[in-house]
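Take a look at the letters that make up each chain.
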Number of protein chains: 6
Amino acid sequence: MVEVVTFGEAMLRLSPPADGRLETTPQFDVTVGGSESNVAALASRLGRDAIWLSKLPDDPLGRRVAGQLRRDGVEPVVCWSDEGRVGTYYLESGDPPRGTDVVYDRAGSAVTTVQPGDLDTETVESAEVFHTSGITPALSDATAQTTAQLLSIASQSGTTVSFDLNYRSKLWSHAEARDTLEPLLADVDLLFAPRRDTESILGIDAAAQEMARHLAGTYGIETVVVTMGGDGALALHEGECYEQSVYPASDRRPIGTGDAFVGGFLAALVETDDLDTALSWGAAAAALKRSIPGDIATITPDEVREVIDGATPDISR
Amino acid sequence: MVEVVTFGEAMLRLSPPADGRLETTPQFDVTVGGSESNVAALASRLGRDAIWLSKLPDDPLGRRVAGQLRRDGVEPVVCWSDEGRVGTYYLESGDPPRGTDVVYDRAGSAVTTVQPGDLDTETVESAEVFHTSGITPALSDATAQTTAQLLSIASQSGTTVSFDLNYRSKLWSHAEARDTLEPLLADVDLLFAPRRDTESILGIDAAAQEMARHLAGTYGIETVVVTMGGDGALALHEGECYEQSVYPASDRRPIGTGDAFVGGFLAALVETDDLDTALSWGAAAAALKRSIPGDIATITPDEVREVIDGATPDISR
Amino acid sequence: MVEVVTFGEAMLRLSPPADGRLETTPQFDVTVGGSESNVAALASRLGRDAIWLSKLPDDPLGRRVAGQLRRDGVEPVVCWSDEGRVGTYYLESGDPPRGTDVVYDRAGSAVTTVQPGDLDTETVESAEVFHTSGITPALSDATAQTTAQLLSIASQSGTTVSFDLNYRSKLWSHAEARDTLEPLLADVDLLFAPRRDTESILGIDAAAQEMARHLAGTYGIETVVVTMGGDGALALHEGECYEQSVYPASDRRPIGTGDAFVGGFLAALVETDDLDTALSWGAAAAALKRSIPGDIATITPDEVREVIDGATPDISR
Amino acid sequence: MVEVVTFGEAMLRLSPPADGRLETTPQFDVTVGGSESNVAALASRLGRDAIWLSKLPDDPLGRRVAGQLRRDGVEPVVCWSDEGRVGTYYLESGDPPRGTDVVYDRAGSAVTTVQPGDLDTETVESAEVFHTSGITPALSDATAQTTAQLLSIASQSGTTVSFDLNYRSKLWSHAEARDTLEPLLADVDLLFAPRRDTESILGIDAAAQEMARHLAGTYGIETVVVTMGGDGALALHEGECYEQSVYPASDRRPIGTGDAFVGGFLAALVETDDLDTALSWGAAAAALKRSIPGDIATITPDEVREVIDGATPDISR
Amino acid sequence: MVEVVTFGEAMLRLSPPADGRLETTPQFDVTVGGSESNVAALASRLGRDAIWLSKLPDDPLGRRVAGQLRRDGVEPVVCWSDEGRVGTYYLESGDPPRGTDVVYDRAGSAVTTVQPGDLDTETVESAEVFHTSGITPALSDATAQTTAQLLSIASQSGTTVSFDLNYRSKLWSHAEARDTLEPLLADVDLLFAPRRDTESILGIDAAAQEMARHLAGTYGIETVVVTMGGDGALALHEGECYEQSVYPASDRRPIGTGDAFVGGFLAALVETDDLDTALSWGAAAAALKRSIPGDIATITPDEVREVIDGATPDISR
Amino acid sequence: MVEVVTFGEAMLRLSPPADGRLETTPQFDVTVGGSESNVAALASRLGRDAIWLSKLPDDPLGRRVAGQLRRDGVEPVVCWSDEGRVGTYYLESGDPPRGTDVVYDRAGSAVTTVQPGDLDTETVESAEVFHTSGITPALSDATAQTTAQLLSIASQSGTTVSFDLNYRSKLWSHAEARDTLEPLLADVDLLFAPRRDTESILGIDAAAQEMARHLAGTYGIETVVVTMGGDGALALHEGECYEQSVYPASDRRPIGTGDAFVGGFLAALVETDDLDTALSWGAAAAALKRSIPGDIATITPDEVREVIDGATPDISR
């Protein structure tokens, strides 16, 4: 039985080294990123078996994506396609007042034509946790339908269904997101609900605890985790509230922080079944991610524990 | 009056430094390339006024393409679009037995929706030479129709119409190419016909001189230049044949060699109106291109002259 | 009619990547910088037609300077010389207590022999604004005389004459600067006066507003802009004062901040003729510059507007 | 049942970029290499299941080695140790008359203390092919004893035992090698015997075919493959000889060529059980390796087929 | 007479550029570092004659170490060995909550077999100051014995004996350190005692001044310098106390800060024989070090003076 | 007594990595080069004591030049100047038909104002060999006069005076060279005479042996070495001829080949006093230089011996 299975798109991430601009940089650093593959990679690095389901073109760039995830311990179970492309995104970041700019170039990627029959649904049935996010159904009608079907398969198999709202304004409107995501929530057991996305998509404007209760009640979700950026996170489970503040961290490299939270949370939850532990691992992984270039939190369990224990970052020699 | 106007797509070119593989390289070198923009850039570098017409997305990558061409002296007259993407292509090269591998990722680029109304057709009317290639109509129905219309406008304005067959098997079949390109040839005054493309698309299987006569006769083209790779080139004009062998060159960096030939040829033709000179400038530019990384032949008139004069490459100090 | 014409020297800028030292770095990043070309590049990027007048050696390094400026949209109208060199400067920066160190190596550059006859003075006559700085007359007697003559031509043609005091202690003494610059101010319509330079060169020791009035009164200058580093800027025009505070910004990359202020100010002034707008564009461009490697503020009008509107730098995706 | 299992050491390989010298290069490229892991990686890339057995320190560098192999599709089944280091080697190469220089720094690596009990010997029992080389027993007494035991286990389980003589003069003398290796050959089913190593270690000085017969006869080996550098290779099986010449290739990047031969050979043999096919895949993989930086032949089955089919390396676009 | 002679190990330092991780970085920056060679290099850069004694393998990496020190003005008087390796260490650093991680790979380095007879002990006898640190005797029995002998030689020759406790927990335990170091202190004239090391090794838990008096009294040391990180430093000499606070500095690049303090202190002491000056030069060098990549403080006397004088780090141009 | 003392200019060498063009490369590799410092560095690397005399500005770039030479074992005895700059040169190279292009930017360098009093002439008097080249007197009147005086001092002190004609057409004309160099030859004991320079400057058009006899006779030179590029070299001493052919080598990296010949020759001559040995060491060093990036032949005596012994460049592992 696999512990964590995720489904989604992983893209090439192209970013200028050293604060350069997309318009003028002579080189791009190349890494791989995608919300659900980031989660799988971190879960694997923290000790869980992890599989990532997707569809990729059978070319060097597709192989690159799969190989990169293997390096972080994920088993990529991929439908190799003769059509479609690898999605790419360009990431530029800089000191304030420049922010972080993302240029998506992901239309027409192979995964946008994915059908349930393309994927190994048995891995979903046998998984302990199945996870995907609101990005995946936003990619195309095909991904929306496949997402719905996988959530349903997972739910019927007794697999814990984990879902991160993860709204992307460059992919769809609030209304489109709501219309597609609301029906999916019926199958969800564990919901990661960024506060801002919850307000904008689901129209729930309330304090975090109230927001969690509203989500749990309205959609019948067993565990709701509301994430609030610098204000920490809160989990609601069987009426009980668990709170977590953030660990001190850099404010650079925000990309992938949310995925690190989810990955750390799931890795700990699967092992300990304890929400306090899961929250602290999520928060510590998110803090560490901000020190790591790339989308994926290439960290170790020991590093997570050191953050939680408040070990001061000194020279170890 | 502008001397040279070209029309087509320019893409980001992403290539691994130092013989790395697309699948594993940690960085990509970023340059800009496209057959018609390469021609315009070289013509400009060799002293001609040059304008490049195209459509680009109004984002950092679109600005990068335009800025890069400006650096080489081309005036990019661009329709800035809120939709579409910058086409990209991935280039990998290595020692034999590895060859040069191109992964196109150009579907859905902004130029595929170009309409004649998007472009400044007055520049075409007032140009001395208007040039495009068989790549452009291969991109989409819209580019095919716009190409046809620009060729017609140029032809009616007395602008010399230059066309390079430039077949790309990853864009269309031989049959599709023939069906689209043959009607266009009626407006062409100067045809660059790679021998292999001429055989495969137009079905003309003959020695170079015969091939040129066939093309000139069948399509009523004033000047036909048949290019034969390592076997040199041959021009036919008013029944007279002009021949040109290749200059010694590296066998690395083949990308852009054909465009360098056309750019060198046009630059010299506009200035001297002499076919022998044009052929030798084309051949010398093509030889030099093989020493230059990137798509564009960033060379100078003096370097072209030194190649033609057979000056030995020694240290100049 | 060209909107902005500037005159001055642009140099190669060689700087160690990643906080390295000039003494030991194995590589230099190469960019192009010069006060007046920086101003022209930013004005162009913000939508103005911009021409830069100068003299460069006809070699690859001279072509590099011109090409780089073309990339940023400037038309370099250059006297190409067989003599002289491209000026260079070495820039090293690091965390405190290391500061920013500049090693000038600009003696004998081609521009130091420039004569008015080398330049296309018609562009000055037909410009909306002509801009240069106190650096240019400091380079040589020839540049001092040519500067004087161009200012005079501009003034007589009704072109707005813009001047930035821009004192460089490595080029001349306070006394030399005063003796050369004071006579030039008679032709100036718009003066950028860094507070510290005004004190040290012109001996005016007063609060900013008083300083501006003194400058306007003594030299008969229509508009005086006193810049005060972290204390913001102040403009005086027809007796009225306009104030501008700084926008939050990094304290890295100070080089080119002043030029970004001038470029943003001029770009907005030419378009809107409104001093408040000009001041805010200048201040916003200066803030953004501190996030950009290199001398030139490679920014966009939208980015300037976002800084002025106080849009928080968040991830846009 | 796993198809290919290998056992040995994988090291960090540190090499100066761009022909630099170990003594002066400011940077090292970092890759991972080791004869048996190279073989496993290529076998995996060509479609076989592959496991690599070894012992590594539980630190970032150990994780790097394992992660890198996973990227190439190998499952690293590793004994993670709190003691010992990752072996490293420094590789410098350059144009003639400089050759390729290797500085080994592998003493005290974790694998030198490996015991059979550290490893998952069940994978050896269930493998189709078990492969190691003469490098492994040269590392330490412990590796020599563990190698002997694994060969014995494999032999008794019906697993095909593959062995590459792979003499390294910096690790041991000819006499030491002979004394250790000869007893091991009793368990070997498939021997890769570089001609030069066979002469120097085993003292067999004969033409290739004779050498193969001698090896097969003396040590009772079912299949013997004699490799002869530029002179190709020859296999002897049940008295029958199979010959293979080399494919044209660069003379750069010799490191890993022998491993690419073995990996290609094994990958094809497991799939087809045909010695002619195995030889041609070995030779083609070796030729391709010479175009690939790093130790591992990051190639695809299609590329191997193209070399065998003699497809000319042209631009594919 | 040489002014400063130091004895110890210098290693290759391999570190990922740009905040990368040891596990995944594609390149390492290569520099040279070692506590005593760092001290010698800075002393030399600040104007003292400096010799570094050690043992290195006679290979490109050994030559690299020697050459690098020569570049910083140190004369490496080295016993070139056919055995042993160059010690290496891997350094990774990143934003909090990641700290600075050091992976030592120095076992078996050539210096661990050093004998007094390998070294030019006459340089020690004729030196003004002989310096080593607690790292050196921690490396092996041989280095411990050689250290003892060199300290004794120096002491008997009237050379000032300088010693830095410099405890490294990855090399030995507190108890081992105490047992080895205490006997050495009898020969020491000038002791650098980091407060934390003094507590943990020598068990002296007291305020700084008390700690210094205790050290001076117990071991009969003429001058004791207690360093206290961000709390500054304190020197005790003939019963008199000299205090020094820290200069403002970055909190990045902590490696080598202590050595910079010692190097700056010794350089000033040898020249001025004034403890206040020595303390301020030590503190200023340590502050500057934090702005410099690598182990060695590649700084100049002028830069030290500017820090002491509180000159604001502004652009000098 | 120092074995080899040289006098001349060393410059920063700035070159694009990876075949890039000066006009467009985003980075320059930085090394140090100069004919006489190249000779000193190689002599030192091959085991001789070597001093280089020159004048440099007291800034980070001047320190860089000195530090770089120290790394290669040369003791730079430098007059540190507050005026003048470090000369630079830009080097671009590429595959044919591009050659090697040098852009000198060395006017106004500190050494152009050197006076004999600036230099430590005692090192010249006590040297075994004093060497300079025709480049040095070409730099300025001051360097010409200082060169003459140093040659005279060396000659009168019994130091062997070595001189390389080394004509640079970008520094002076044939006539100027002849007028300056001919008088200097009176003091020369050992002349390196490139065939082409001898023809063009001294007007001696003859076969190599004849040329050598002519030079020896006309100018009274004890030993004349005529170098003939790919045709090898010939030495004439006391009427006897010694011939040397070239060793196989790359045709890349020609810069510094001549200096490597001289450095290898002098290193061997000083040690063995044997012209055959000196010629073979010169030729082998020149061959090796072509495999080494940068100006300086960073090679070892063993590598020279291997070339002479014809050891095949194989992998040493």
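These numbers come from a predicted model, not from an experiment.

### A few points about the overall build of chain A
Right, on to step 1. Check the secondary structure of chain A and you find 11 helices and 14 strands.
Right, on to step 2. Its C-alpha radius of gyration of 18 Å places chain A within 12% of the 20 Å reference for a compact globule of 317 residues.
Right, on to step 3. Projected onto the principal axes, the alpha-carbon positions of chain A cover approximately 55 × 50 × 40 Å.
Right, on to step 4. Counting over 317 residues, chain A shows a buried share of 64%.
Right, on to step 5. Summarising the internal contacts of chain A: among those between residues at least 6 apart in sequence, 68% fall at separations of at least 24.

### What to know about the interface of chain B and chain C
Right, on to step 1. Taken residue by residue, the interface counts nine residues in chain B and nine residues in chain C.
Right, on to step 2. Of all residues in chain B, B:Arg63, B:Arg70 and B:Arg71 bury the most surface against chain C, accounting for 66% of the area lost on that side.
Right, on to step 3. In this structure, the connection of chain B to chain C is made through zero salt bridges.
Right, on to step 4. Of the residues forming the side of chain B that touches chain C, the biggest block, five residues, is contributed by helix H2 (residues 60–71) of chain B.
Right, on to step 5. Considered class by class, the residues forming the side of chain B that touches chain C number no nonpolar, four polar and five charged.

### Observations concerning the relation of the copies chain A and chain B
Right, on to step 1. Mapping chain A onto chain B calls for a rotation angle of 180° and an axial translation of 0.0 Å; the resulting RMSD is 0.0 Å. Given the turn and translation reported, the copies of this chain are related as if by a two-fold rotation axis. In terms of proximity to the rotation axis, the leading residue of chain A is A:Phe28, whose C-alpha is 2.6 Å off the axis.
Right, on to step 2. Residue by residue, 100% of the interface of chain A is reproduced at the interface of chain B, so both copies engage with the same surface.

### Remarks on the UniProt feature "domain: Carbohydrate kinase PfkB" (unreviewed entry) in chain A
Right, on to step 1. The UniProt entry lists residues 3–297 of chain A under the feature "domain: Carbohydrate kinase PfkB" (unreviewed entry), expressed in the numbering used here.
Right, on to step 2. Measuring from the first to the last C-alpha atom of residues 3–297 of chain A gives 19 Å, for a span that is 38% helix and 24% strand.

### Brief notes about the sheet that holds strand E1 (residues 4–7) of chain B
The strands making up a sheet are joined through hydrogen bonds of the backbone, oriented either antiparallel or parallel.
All names here are of chain B.
Right, on to step 1. The mixed open sheet is built from nine strands, whose spatial order is E5-E4-E1-E8-E9-E10-E11-E12-E13. Each edge of the open sheet is held by one strand with a lone partner, namely strand E5 (75–81) and strand E13 (240–244). Averaged over all adjacent pairs, the angle separating strand axes in this sheet is 20°, with direction ignored.
Right, on to step 2. Examined bridge by bridge, strand E4 (residues 50–57) and E5 share seven bridges and lie parallel to one another. If you follow tryptophan 52 over to E5, its bridge partner there is proline 76.
Right, on to step 3. Relative to the sheet, H2 contacts E4 and E5, its axis offset from that of E4 by approximately 170°.
Right, on to step 4. The strands that helix H7 (residues 195–202) touches are strand E10 (190–194) and strand E11 (223–227); relative to E10, the one it contacts most, it runs at about 90°.

### Section: the interface of chain A and chain B
Bring the parts together and some accessible area is lost; that lost area is often taken as the interface size.
Right, on to step 1. With 25 residues of chain A at the contact, the number on the chain B side is 25 residues.
Right, on to step 2. Together chain A and chain B conceal approximately 2,000 Å² of surface at their shared face, both sides included; 51% is due to carbon and sulfur atoms.
Right, on to step 3. Ranking the residues of chain A by area buried against chain B places A:Glu23, A:Phe28 and A:Arg64 at the top, with a combined share of 27%.
Right, on to step 4. In this assembly, chain A and chain B are joined by four salt bridges.
Right, on to step 5. Contributing elements (two or more residues each) for the side of chain A that touches chain B: strand E2 (11–15), strand E3 (27–33), helix H2 (60–71), strand E6 (88–92) and strand E7 (101–105) of chain A.
Right, on to step 6. Here the residues of the side of chain A that touches chain B are counted per class, giving 12 nonpolar, four polar and nine charged.
Right, on to step 7. Judged from the three bridges that link them, E3(A) and strand E3 (residues 27–33) of chain B form a sheet pairing that is antiparallel.

### A few points about the confidence of the model for chain A
Right, on to step 1. Per-residue confidence for chain A averages 96 on the pLDDT scale, and 99% of its residues sit at or above 70.
Right, on to step 2. If you check the scores for this complex, the pTM reads 0.95 and the ipTM reads 0.93.

### Focus: the side chain of C:Arg85
Residues and elements named next belong to chain C.
Right, on to step 1. When you line up the elements, arginine 85 lands in the loop between strand E5 (75–81) and strand E6 (88–92).
Right, on to step 2. Among the polar contacts listed, one links the side chain of arginine 85 to the backbone oxygen of aspartate 105, at a separation of 3.0 Å.
Right, on to step 3. Within the structure, arginine 85 has its side chain in polar contact with the backbone oxygen of alanine 107 (distance 2.8 Å).

Reading the values: rules and limits
Residues numbered from 1 in each chain as written. Chains lettered and ligands numbered in written order. Predicted model: local features only at pLDDT ≥ 70, side-chain atom pairs only at ≥ 80, totals over all residues. Heavy atoms only, no water. Helix = DSSP H or I, 4+ residues; strand = E, 2+ residues; numbered from the N terminus. Rg over C-alpha atoms; globule rule 2.2 N^0.38 Å. Buried < 20%, exposed > 50% of the residue type's maximum accessible area, 1.4 Å probe, protein only. Contact = heavy atoms within 4.5 Å. Buried area = accessible area lost by both parts, 1.4 Å probe. Salt bridge = Lys/Arg side-chain N within 4 Å of Asp/Glu carboxyl O. Nonpolar A, V, L, I, M, F, W, Y, C, P; charged D, E, K, R; others polar. Least-squares fit on C-alpha atoms with pLDDT ≥ 70 in both. UniProt positions renumbered as here; feature names shortened; annotations may be inferred. Pairing = 2+ DSSP bridges. Axes fitted to C-alpha atoms, helices over the stretch in contact; angles between N-to-C directions. pLDDT = per-residue confidence, 0-100. Polar contact = N/O pair within 3.5 Å; in protein donor to acceptor, adjacent residues only side chain to side chain.

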